[in-house]
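Overview (structure and organization)
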Amino acid sequence: MTVKNILSAAALSAGLASAFALPVAAEEKTDFKLAWSIYVGWMPWGYLEDSGIMDKWADKYGITVDIVQINDYVESINQYTAGAFDGVSATNMDTLSIPSGGGVDTTALIIGDYSNGNDAVILKGEGGLADLKGKPVNLVELSVSHYLLARGLETVGLEEADLDGVINTSDADMIAAYATSDVEAVVTWNPLVSEITGSNPDANVLFDSAQIPGEILDLMVVNTETLADNPAFGKAVAGAWYEVMTLMAAGDEEVLTAMAEASGTDLAGYKAQLAATEMFFDPAAAVAQAASADLPTTMTSVAEFLFDKGILGEGAPSADFVGVEYPGGVTTGDAGNIKFRFDATFMQMAADGAL
């Protein structure tokens, strides 16, 4: 993922749909566009496009689906929010804060994975989480890194106010920042975690996403009305995705090598990142995640974090501002303002062999 300035992007996105463009118009259509950015769990989207697998499934349903790589992660979400794309790869947290918080009704079509060690709090030198007290921490402010830090600090009875501040640092600058003498701790994600820990003997991982399993979800989210009006879109995307998941689960090295090279690493490096990612290769596992009793609790915690940071939609009166719906009609937040939906319909169709 490449994030330039998540603070300004989040502030901008709150009014993006109304100020700059309307959300994707709900209508029956045949041409669709998805955006994605570099991250271990999202590399299959690029492979879908390059291999022709997406085209094969789109042809089956008489549509076209273009999958476009965007190097700036937050910009990709902003463009989706503005209506330039029908879907985008995003985390659950960033979906809630940007499109859903900005009023764009959005559905998680595919739950691809959860971070299981890909995101980490790293201290330069010896110590534990408690030793972050009084130290500055570099991270992409208001991103999942910020959330991970907050969750880690909670485990040792600390909060952000106990630090010597957080320093907003682009992921593009994180490696260089770590190398400077005044940086004491960073929070980031792979492949940056692997680069830092692999080339700096003093890099000490204090806390990672494996300690909060299922909280940082990596998704393909789409415009709810577009999906409702065009079920063929959902079927084609789910069919293509799970064909690649089958290849990955079988350890197809040609496929994995292509993804590794596209992400700037080698096969061994990509496999190491996959080892810290709980991929839902089996669509039934993704369905189970969507219906998990823990997911509403997680999303409530995420909403509270976002509200506390002032980025849960413009003028949000409380952490319940945005309603989130789960399979079975369960909701959290404002049931009268449902703007984020975990819909297992198309993942279930894949599990049933019905695509």
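All values reported here derive from a predicted model rather than from experimental measurement. (Residues numbered from 1 in each chain as written. Predicted model: local features only at pLDDT ≥ 70, side-chain atom pairs only at ≥ 80, totals over all residues. Heavy atoms only, no water.)

The number of helices and strands found in the protein chain is 16 helices and 14 strands. Taking 355 residues into account, the globule formula puts the C-alpha radius of gyration at 20 Å, and the protein chain, at 19 Å, falls close to it. If you line up the protein chain on its principal axes, its C-alpha atoms span 60 × 50 × 35 Å. A burial count over the protein chain gives 55% of its 355 residues as buried. (Helix = DSSP H or I, 4+ residues; strand = E, 2+ residues; numbered from the N terminus. Rg over C-alpha atoms; globule rule 2.2 N^0.38 Å. Buried < 20%, exposed > 50% of the residue type's maximum accessible area, 1.4 Å probe, protein only.)

Further remarks concern a negative patch on the surface. A cluster of acidic residues, Glu27, Glu28, Glu225 and Asp229, forms a negative patch on the protein surface. Of note, Glu225 is situated in helix H10 (residues 224–229). Assessed through its relative accessible area of 45%, Glu225 is described here as partly exposed. (Patch = residues over 30% accessible without salt bridge, like charges linked within 9 Å, V, L, I, M, F, W, Y side chains within 5 Å. Areas by Shrake-Rupley, 256 points an atom, 1.4 Å probe, with all protein chains shown as cover. Salt bridge = Lys/Arg side-chain N within 4 Å of Asp/Glu carboxyl O. Lys, Arg positive; Asp, Glu negative; His and termini not counted. Charge placed at Lys NZ, Arg CZ, Asp CG, Glu CD.)

Before going further, it helps to spend a moment on the environment of Phe321. Summarising the element assignment, Phe321 is placed in the loop between helix H15 (294–308) and strand S12 (323–325). Spatially, the C-alpha atoms of Phe321 and Ile212 are 24 Å apart, while their sequence positions differ by 109 residues. In this structure Phe321 touches Gly101, Leu312, Gly313, Ala316, Asp334 and Asn337, once residues within four positions along its chain are discounted. (Contact = heavy atoms within 4.5 Å.)

Quick look at the packing of aromatic side chains now. One pass over the structure, following the stated rule, counts 8 aromatic pairs. Counting every residue linked through ring pairs, the aromatic cluster contains Tyr39, Trp42 and Tyr73. Over the aromatic face of Phe85 sits the side chain of Lys33, whose NZ or CZ is 4.7 Å from the ring centroid. (Phe/Tyr/Trp six-rings, centres within 6.5 Å; stacked < 30°, edge-to-face > 60°. Lys NZ or Arg CZ within 6 Å of the ring centre and 35° of its normal.)

Before going further, it helps to examine helix H11 (residues 231–249). With 19 residues, H11 ought to run about 27 Å at 1.5 Å a step, and its terminal C-alpha atoms sit 27 Å apart, in line with that. Following H11 by one or two positions, Gly251 adopts a phi angle in the positive range, close to 75°. (Expected span 1.5 Å × (residues − 1).)

What follows is about the environment of Glu314. Here Glu314 shows up in the loop between H15 and S12. Relative accessible area serves as the criterion here: at 60%, Glu314 is assigned to the exposed category. Considered as a pair, Glu314 and Gly103 are 211 residues apart in the sequence and their alpha carbons are 9.6 Å apart.

Once that is clear, we can look at the pattern of salt bridges. Should the charged atoms of two oppositely charged side chains come close, the side chains can pair. Going through the model one piece at a time under the given rule, you end up with 9 salt bridges. With its nearest N and O atoms 2.9 Å apart, the salt bridge here joins Glu154 to Arg151. Of the two residues, Glu154 and Arg151 are both situated in helix H7 (residues 144–154); the distance of 3 residues between them amounts to about one turn of the helix. For Lys271, the salt bridge is made with Glu253, and the minimal N-O distance between the two is 3.1 Å. With Lys271 in helix H13 (residues 267–275) and Glu253 in helix H12 (residues 253–262), this pair connects stretches of sequence that are 18 residues apart.

Next up on the list: the nonpolar core. Ranked by internal contacts, the top residues of the largest apolar core, which has 107 residues, are Trp45, Met54, Val65, Leu96, Leu132, Leu149 and Phe342. Not counting chain neighbours up to four residues away, the residues in contact with Leu132 comprise Val121, Leu123, Val137, Leu149, Leu153, Leu163, Ala185 and Leu206. Counting residues in hydrophobic clusters, the runner-up holds 11 residues, among them Tyr178, Val183, Val186 and Leu192. (Core = buried A, V, L, I, M, F, W, Y, C linked by side-chain atoms within 4.5 Å.)

What follows covers the confidence of the model for the protein chain. Per-residue pLDDT for the protein chain has a mean of 91; in total, 93% of the residues score no lower than 70. Low pLDDT (under 50) marks residues 1–25, which in the prediction has 65 contacts with non-local residues, meaning those over four places away or in another chain. (pLDDT = per-residue confidence, 0-100.)

Another aspect to go through is the packing of helix H4 (residues 53–60) against H11. Where H4 meets H11, the closest approach of the two axes is 8 Å, and the angle between their N-to-C directions is 140°. Viewed along their axes, H4 and H11 adopt a mutual orientation that is oblique. Considering only the axes of H4 and H11, their crossing is right-handed. Where H4 abuts H11, its residues Ile53, Met54, Lys56, Trp57 and Ala58 lie against Lys235, Ala236, Val237, Gly239, Ala240, Glu243, Val244 and Leu247. Its residues placed into classes, the contact of H4 with H11 shows 9 nonpolar, 1 polar and 3 charged. (Axes fitted to C-alpha atoms, helices over the stretch in contact; angles between N-to-C directions. Parallel < 35°, antiparallel > 145°, perpendicular 65-115°, else oblique. Left-handed = near helix turned anticlockwise from the far one by under 90°. Nonpolar A, V, L, I, M, F, W, Y, C, P; charged D, E, K, R; others polar.)

Our focus in this paragraph is the environment of Gly101. If you trace the backbone, Gly101 turns up in the loop between helix H6 (92–100) and strand S4 (106–115). For Gly101, a relative accessible area of 8% translates into the label buried. Distance from Gly101 to Asp162, taken between C-alpha atoms, is 29 Å for residues 61 residues apart in sequence. Ignoring any residue separated from it by four or fewer positions in sequence, one finds Gly101 in contact with Thr95, Leu96, Gly313, Glu314, Phe321 and Val322.

All right, on to unusual backbone geometry then. The omega torsion across Asn190 and Pro191 is 10°, close enough to zero to call that bond cis. For Leu142, which is not a glycine, the phi torsion comes out positive at approximately 65°. Looking at where Leu142 falls in the secondary structure, it is placed in the loop between strand S6 (137–139) and H7. Residue classification places Leu142 among the buried residues on the basis of a relative accessible area of 6%.

In this structure, Ser115 sits in strand S4. Judged by relative accessible area, which is 0%, Ser115 ranks as buried. Ignoring any residue separated from it by four or fewer positions in sequence, one finds Ser115 in contact with Tyr39, Ser209, Ile216, Asp218 and Ala276.

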